[in-house]
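Residue-level structure breakdown
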Amino acid sequence: MIPAMMKYILVTGGVISGIGKGIIASSVGTILKSCGLHVTAIKIDPYINIDAGTFSPYEHGEVFVLDDGGEVDLDLGNYERFLDIRLTKDNNLTTGKIYQSVINKERRGDYLGKTVQVVPHITDAIQEWVVKQATVPVDDDGVEPQVCVIELGGTVGDIESMPFIEAFRQFQFKVKRENFCNIHVSLVPQPSATGEQKTKPTQNSVRELRGLGLSPDLIMCRCSTALENSVKEKISMFCHVEPKQVICVQDVSSIYRVPLLLEDQGVVSYLSRRLNMPIDARPRKMLTKWKEMSDRSDRLLEHCSIALVGKYTKFSDSYASVIKALEHSALAISHKLEVKYIDSACLEPGTLQEEPVKYHEAWPHFCFGVRGTEGKIHAINWARIQKKPFLGVCLGMQLAVCEFARSTLGWKDANSTEFDPDSKHPVVIDMPEHNPGQMGGTMRLGKRRTIFTNDTSVLRKLYGDADYVEERHRHRFEVNPELKSHFEEKGFRFVGQDVEGERMEVIELDDHPYFIGVQYHPEFTSRPIKPSPPYLGLLLAAAGKLQSYLQKGCRMSPRDTYSDRSGSSSPDSDISELKMPSISSE
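No experiment lies behind these values; they were computed from the predicted model shown. (Residues numbered from 1 in each chain as written. Predicted model: local features only at pLDDT ≥ 70, side-chain atom pairs only at ≥ 80, totals over all residues. Heavy atoms only, no water.)

With respect to the packing of helix 12 (residues 320-332) against helix 19 (residues 533-542)
At a minimum axis separation of 9 Å, helix 12 and helix 19 run at an interaxial angle of 55°. Regarding the angle of helix 12 to helix 19, the classification is oblique. Judged by the twist between their axes, the crossing of helix 12 over helix 19 is right-handed. Here Val322, Ala325, Leu326, Ser329, Ala330 and Ala332 of helix 12 lie close against helix 19, whose contacting residues are Tyr535, Leu536, Leu538 and Leu539. Per-class residue counts for the contact of helix 12 with helix 19 are nine nonpolar, one polar and no charged. (Axes fitted to C-alpha atoms, helices over the stretch in contact; angles between N-to-C directions. Helix = DSSP H or I, 4+ residues; strand = E, 2+ residues; numbered from the N terminus. Parallel < 35°, antiparallel > 145°, perpendicular 65-115°, else oblique. Left-handed = near helix turned anticlockwise from the far one by under 90°. Contact = heavy atoms within 4.5 Å. Nonpolar A, V, L, I, M, F, W, Y, C, P; charged D, E, K, R; others polar.)

The structure is reproduced here in C-alpha cells:
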C-alpha cells in the first residue's frame, strides 16, 4: 500500500548532464524541511553498476560512504549535508540493483512462469522500491518522512533512463496528482557572440519529457545571469506552464544561496498548493541561518591556503566531500578557502629529473594530503619537519606511519604491504573485515566506533572531550599493531583505537602544531553548521588560531555567531546552540 500522505517530488534534467540537479533537489528538500516537514531523498542512477564502489574517481567523482557501508553517488553527500540527514544504501537506486532484484525473483519462481519484461516487471520493481524507501526514517528523531525528493540522474532522452521515466509515468496516476509533482531542470545557454538567452534547448527538452508522459510542474532554468521576463514568458508559452512556474536558477556566489533563490521565487508556496501540504506561513527559521552563512561567505576577506596532495587531483569531484569539509571549517573561522591541488606524483624525486618544472611548481604549494604513495611520503616528511599543519585521511594516515618509520625509526624499507608485500618492516598490513562473496567484500565499510585512549589528545578535545566517536570507514589495510610501541617511544602516539583495541584509528605527533592522521573519513559527516573536528583543527592551525581555540575549551567566540533568530535546522531537535562562529584573534 502507498502511504496516503507521502508527497513525491521527481527532479529530472534536460539538455546536458551535470547541470546541477543534485544541488537543486537538495535545495528543494532544504526549504521544505525549513517549514517543519520531514524530508528524505532518493538518487536514481541509470547505469548498470550495482553501486558506485568499483568506480574510478574519474568516472563519477568520489565514492560517498554511508553509515551502513553503502558506497553511493556523491549526490547523496549533498542530500546529507543540506538536509542534515542520514541515508542508507537503498536511497541510491541503480539499474543494476533493479535488474538484480527482478532476476533474483525470476530465478526463485516468483513470477510463476510468466515472461519477465521491462513493462510491467522492471517498472513495477522501481515503483515498489521508491515507495518502500520513502518511508524509512532519516532524521535522528526516527519520524517517518512526509516528503520524498527523487533525483533521476542523466538526461531525459537517454536510452538507459527510459524504464525509470516510464515507471514514474505510471506512478503519477497510482499516487494521485496531489501527491506527485515533477521539477524539470534545464539549461538556458547565453552564447557570448550575441549575449541572448536561448530557450530552444529547454523547449526541446520539455517536449521530449511530455512525449514520454511526464509534464513538468516547475521548470528550473540554469543560466549564467538572471532570466529576462521575455525569456521566462517564452518558456511559459512553449512549455505549457504559467510564468510563475518558470524558476530562474542563475549562477550564484555560493551554493548556500540556492535554497534562498528558490524560496524568493515562491517555490514553497507553489509546492504547498500543488501538493496540498499543510505548511503554515510562519517565518522559515532555518533559511535565516542559510542566509547568514551565505552573507558571511561573501564577506570573507582573510584567506587560508590548503594544499590537497592526492592521486586524482585532475578532477576536483574526486575529493568533493574533502573540499566541502574544508569549506565548512573555513567558513566557521571566517576565512576564505583556497585549495591548491597537487598531483602526488609531481612531488617524487624522479619528477625532478624527468619534468623539473612540474616538480618545482608542485613543492611550494604543499602542506596537506589525502592520497598518494612515494610523492605523498615526501610531502608528509616536509610537513612534519617544517612543522606545517597536516591532516592525513585513510591512506594519508598510513603513509604518515610509513614516513615516520623511515625517517625517525631508521626502517628504510618501511612500507605498506599493499605496495611492498616483501618489506622487512610492514608497518601497514592487510587486516580485512570479511564480508564474503562480493567485490570489496573484505573492506571495512561504514560507521565504526573509535575509542580515545589518551586524555590529552588534541583531536579528542576538538571532538568536545568525547570518550569515543563514530565515523565512516572505507579501507582494507591497517597500521600493524605489533609495532605500535616502537612509534610511541618516539612521541608518535596512537590516541584512538577500535573497540577491540586491535586497529589504530587516530595518530598524533608530539611537539608539532597539528600533525593528525585518521583511518576513517571524517569528511563524510561534515555539515555546513557542524564542521568536522579534524578538518576544523587543520584550518584553525593553518590560520594560527588552534591554541586560542583549545584554551577557550573549544568554544567559538560569541561575537560573530549566527543570530538566535536562526532557530533549528531540524523540525524536532534544537541545534541552535551549535552556532557557527567566527574565531576572534588574540
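Once you've had a look at it, read on.
So, helix 16 (residues 395-407)
Every α-helical turn comprises 3.6 residues, leaving residues that sit three or four positions apart pointing alike. A rise of 1.5 Å per residue sets the reference length of helix 16, with its 13 residues, at 18 Å; its end C-alpha atoms lie 18 Å apart and thus fit the reference within 8%. Burial analysis of helix 16 places twelve of its 13 residues in the buried class, the great majority of the element. Regarding helix 16, the residues found buried are Leu395, Gly396, Met397, Gln398, Leu399, Ala400, Val401, Cys402, Glu403, Phe404, Ala405 and Arg406. (Expected span 1.5 Å × (residues − 1). Buried < 20%, exposed > 50% of the residue type's maximum accessible area, 1.4 Å probe, protein only.)

Details of the pairing of strand 6 (residues 147-152)
Within strand 6, six of the six residues are buried, which leaves it mostly tucked inside the rest of the structure. The side-chain alternation of strand 6 yields two buried faces, one formed by Val147, Val149 and Glu151 and the other by Cys148, Ile150 and Leu152. Note that strand 1 (residues 7-13) and strand 6 share five bridges and pair parallel. Opposite Leu10, over in strand 6, you have Ile150 as the bridge partner. In this structure, strand 2 (residues 39-45) lies alongside strand 6, joined through six bridges in parallel fashion. (Pairing = 2+ DSSP bridges.)

Here we look at the pattern of salt bridges
Scanning the model with the defined rule gives 37 salt bridges in all. In this structure, Lys43 and Asp75 form a salt bridge, with 3.1 Å as the shortest nitrogen-oxygen distance. Note that Lys43 is positioned in strand 2 and Asp75 in helix 3 (residues 75-83), a separation of 32 residues in sequence. Accessibility classification places Lys43 together with Asp75 in one group, the buried group. Taking the shortest distance from any N to any O, the salt bridge between Glu505 and Arg444 comes out at 3.0 Å. (Salt bridge = Lys/Arg side-chain N within 4 Å of Asp/Glu carboxyl O.)

Notes on the side chain of Thr525
Along the polypeptide, Thr525 turns up in the loop between strand 20 (515-518) and helix 19. A distance of 2.7 Å separates the side chain of Thr525 from the side chain of Glu471, its partner in a polar contact. Ignoring sequence-local partners within four residues, the contact set of Thr525 consists of Arg86, Glu471 and Arg472. (Polar contact = N/O pair within 3.5 Å; in protein donor to acceptor, adjacent residues only side chain to side chain.)

Section: the nonpolar core
Formed by 55 residues in total, the largest nonpolar core has its most connected members in Ile9, Val28, Leu32, Met220, Leu262 and Leu271. For this core, the element with the most residues is helix 1 (residues 21-33), which contributes six residues. Contacts of Leu32, omitting those with residues within four sequence positions, involve Ile9, Leu37, Val39, Val147, Leu271, Met277 and Ile279. With 36 residues, the next largest nonpolar core counts Val322, Tyr463, Val469 and Cys554 among its residues. (Core = buried A, V, L, I, M, F, W, Y, C linked by side-chain atoms within 4.5 Å.)

Topic: unusual backbone geometry
With an omega of 15°, the peptide bond between Val119 and Pro120 qualifies as cis. Tracing the chain through its elements places Pro120 in helix 5 (residues 118-134). For Asn276, which is not glycine, the phi dihedral falls at a positive 50°. In this fold, Asn276 is placed in the loop between helix 10 (267-274) and helix 11 (285-299).

Focus: the sheet that holds strand 1
With respect to topology, seven strands assemble into an open sheet ordered 5-2-6-1-7-8-9, the strand pairing being parallel. Two strands in the sheet have a free side with no partner beyond their single neighbour: strand 5 (92-94) and strand 9 (246-250). Strand-to-strand twist of the sheet, defined as the mean angle between neighbouring strand axes without regard to direction, takes the value 20°. Across the sheet, helix 1 is in contact with strand 1, strand 2, strand 6, strand 7 (180-187), strand 8 (218-223) and strand 9; its angle to strand 6 comes to roughly 175°. Here helix 5 sits on the sheet and contacts strand 1, strand 2, strand 5 and strand 6; the angle it forms with strand 2, its principal contact strand, is near 150°.

Describing the sheet that holds strand 16 (residues 468-475)
Within a sheet, each strand pairs with its neighbour through backbone hydrogen bonds, oriented either parallel or antiparallel. Here we have six strands laid out as an open sheet, ordered 12-20-19-18-15-16, and mixed in their pairing. The open sheet terminates on both sides in strands that have one partner only, identified here as strand 12 (390-393) and strand 16. Strand-to-strand, the axes of this sheet are offset by a mean angle of 25°, without reference to chain direction.

With respect to the packing of helix 1 against helix 9 (residues 257-264)
Relative orientation and spacing of two packed helices are given, respectively, by the angle between their axes and the distance between those axes. At a minimum axis distance of 9 Å, the contact between helix 1 and helix 9 shows a crossing angle of 65°. Relative to helix 9, the crossing made by helix 1 is right-handed. Together, Ile23, Ile24, Ser27, Val28, Thr30 and Ile31 of helix 1 and Val258, Pro259, Leu262 and Glu263 of helix 9 make up the contact between the two elements. The residue inventory of the contact of helix 1 with helix 9, partitioned by class, reads seven nonpolar, two polar and one charged.

Quick notes on helix 12
Taking 1.5 Å per residue, 13 residues should reach 18 Å; helix 12 reaches 18 Å between its end C-alpha atoms and fits that length. Within helix 12, twelve of the 13 residues are buried, which leaves it mostly tucked inside the rest of the structure. By the burial criterion, the buried members of helix 12 are Ala320, Ser321, Val322, Ile323, Lys324, Ala325, Leu326, His328, Ser329, Ala330, Leu331 and Ala332. Looking one or two places after helix 12, you find Ser334, whose phi comes out positive at around 60°.

The values are spatial; any link to function lies outside them.
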